[in-house]
Amino acid sequence: MLVIVTSHWKEDLEWLKKSKWPVVLIDKEGSDASYMTPQHVIPNAGNECSVYIKYIIENYDSLPEHVAFIHGHENSYHQKHELPILDVIEGANIKDYEFIPINNVYTCIPFGDDPSRFLELRKFWTKFKIPKKMPPICGNLTVPIGAQFIVSKNRIKQIPKEIYELWYEILISERDVKQWGHCFEATWHIIFGEFWDNQPVVS
């Protein structure tokens, strides 16, 4: 079973009426009204990361087999598929892959050439107690951007619930620190068990 979890602020969610899967809505405080009743309304902090983590915390013991974490918009500059995002989710090979970026956009972050970026990542890894090995200092770290992906229950539950609770507490309490959301966006694939240099698959 797959469930879509969407982070909502001001986006028009009418397009999600076409979803073949259950949709869980989590609103940020001050969000526009929509046709769906949100499962939760949370502080407007932490970008979409706080929404994803809130869902995991509240559903940790009853997660579906796969979760598609997405934004509330149907289209964006960081969605580079020819197909609509719901079709991308339908076509994703969840039988063979446990983490699937669904934006088809990648960027190279030069950790070795830009020490400040590496130091930010090191600070993030330590502060959030990320239970995965941190990437080495290197020339380029290729990451999927846009923070929309499908992940399996198995990968989610490799991380203890109390770690997610720590992440949520930091994101909400330090809402003015914008870098935390960016750090999550660049490392979700590592957090959920993929190799740190996440080159796109060419078939």
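Presented here is a report on the structure given in the accompanying data block. Everything numeric here is computed off the predicted structure, so don't read it as measured data.

Describing the overall build of the protein chain
- When you go through the protein chain residue by residue, the secondary structure sums to six helices and eight strands.
- Order of helices (α) and strands (β) in the protein chain, N terminus to C terminus: β-β-β-α-β-α-β-β-α-β-β-α-α-α.
- Relative to its length of 203 residues, the protein chain is compact, with a C-alpha radius of gyration of 16 Å against a globular reference of 17 Å.
- A total of 203 residues make up the protein chain; the buried ones form 50% of that total.
- Taking the intrachain contacts of the protein chain between residues at least 6 apart in sequence as the baseline, contacts between residues at least 24 apart amount to 67%.
- When the 21 basic and 27 acidic side-chain charges of the protein chain are each reduced to a single mean position, those positions are 4 Å apart.

Remarks on the nonpolar core
- Tyr55, Phe69, Tyr164, Trp167, Phe184, Trp188 and Phe192 are the most contacted members of the largest nonpolar core, which totals 42 residues.
- Of all the elements in the fold, those that place two or more residues in this core are strand E1 (2-8), strand E2 (23-28), helix H1 (47-58), strand E4 (66-71), helix H3 (115-127), strand E8 (149-152), helix H5 (161-173) and helix H6 (179-191).
- Look past the residues within four positions of Phe184 in its chain and what remains in contact with it is Cys49, Ile53, Phe124, Phe128, Trp167, Leu171 and Ile191.

Comments concerning the sheet that holds E2
- Strands sit in the order E3-E2-E1-E4-E8-E5 across an open sheet of six strands; the sheet is mixed. Looking at strand neighbours, the two that pair on one side only are strand E3 (40-42) and strand E5 (99-101), the edges of this open sheet. Shown here is a sheet whose adjacent strand axes are inclined to one another by a mean of 20°, direction ignored.
- Pairing analysis gives six bridges linking E1 to E4, with the strands arranged parallel. Within E4, the residue paired with Thr6 across the bridge is Ile70.

Some remarks on H1
- Here H1 lies mainly inside the structure; 10 of its 12 residues are buried.
- Along H1, the positions that sit buried rather than exposed are Glu48, Cys49, Ser50, Val51, Tyr52, Ile53, Lys54, Tyr55, Ile56 and Ile57.

Considering the packing of H1 against H5
- Between H1 and H5, whose axes approach to 9 Å, the crossing angle comes to 145°. Considering how the two elements wind past one another, H1 and H5 form a crossing that is left-handed. Residues Cys49, Ser50, Ile53, Lys54, Ile56 and Ile57 of H1 form the contact with H5, whose own contacting residues are Lys161, Tyr164, Glu165, Trp167, Tyr168, Leu171 and Ile172.
- Of the residues contributing to the contact of H1 with H5, the split by class is nine nonpolar, one polar and three charged.

Criteria and cut-off values
Residues numbered from 1 in each chain as written. Predicted model: local features only at pLDDT ≥ 70, side-chain atom pairs only at ≥ 80, totals over all residues. Heavy atoms only, no water. Helix = DSSP H or I, 4+ residues; strand = E, 2+ residues; numbered from the N terminus. Rg over C-alpha atoms; globule rule 2.2 N^0.38 Å. Buried < 20%, exposed > 50% of the residue type's maximum accessible area, 1.4 Å probe, protein only. Contact = heavy atoms within 4.5 Å. Lys, Arg positive; Asp, Glu negative; His and termini not counted. Charge placed at Lys NZ, Arg CZ, Asp CG, Glu CD. Core = buried A, V, L, I, M, F, W, Y, C linked by side-chain atoms within 4.5 Å. Pairing = 2+ DSSP bridges. Axes fitted to C-alpha atoms, helices over the stretch in contact; angles between N-to-C directions. Left-handed = near helix turned anticlockwise from the far one by under 90°. Nonpolar A, V, L, I, M, F, W, Y, C, P; charged D, E, K, R; others polar.

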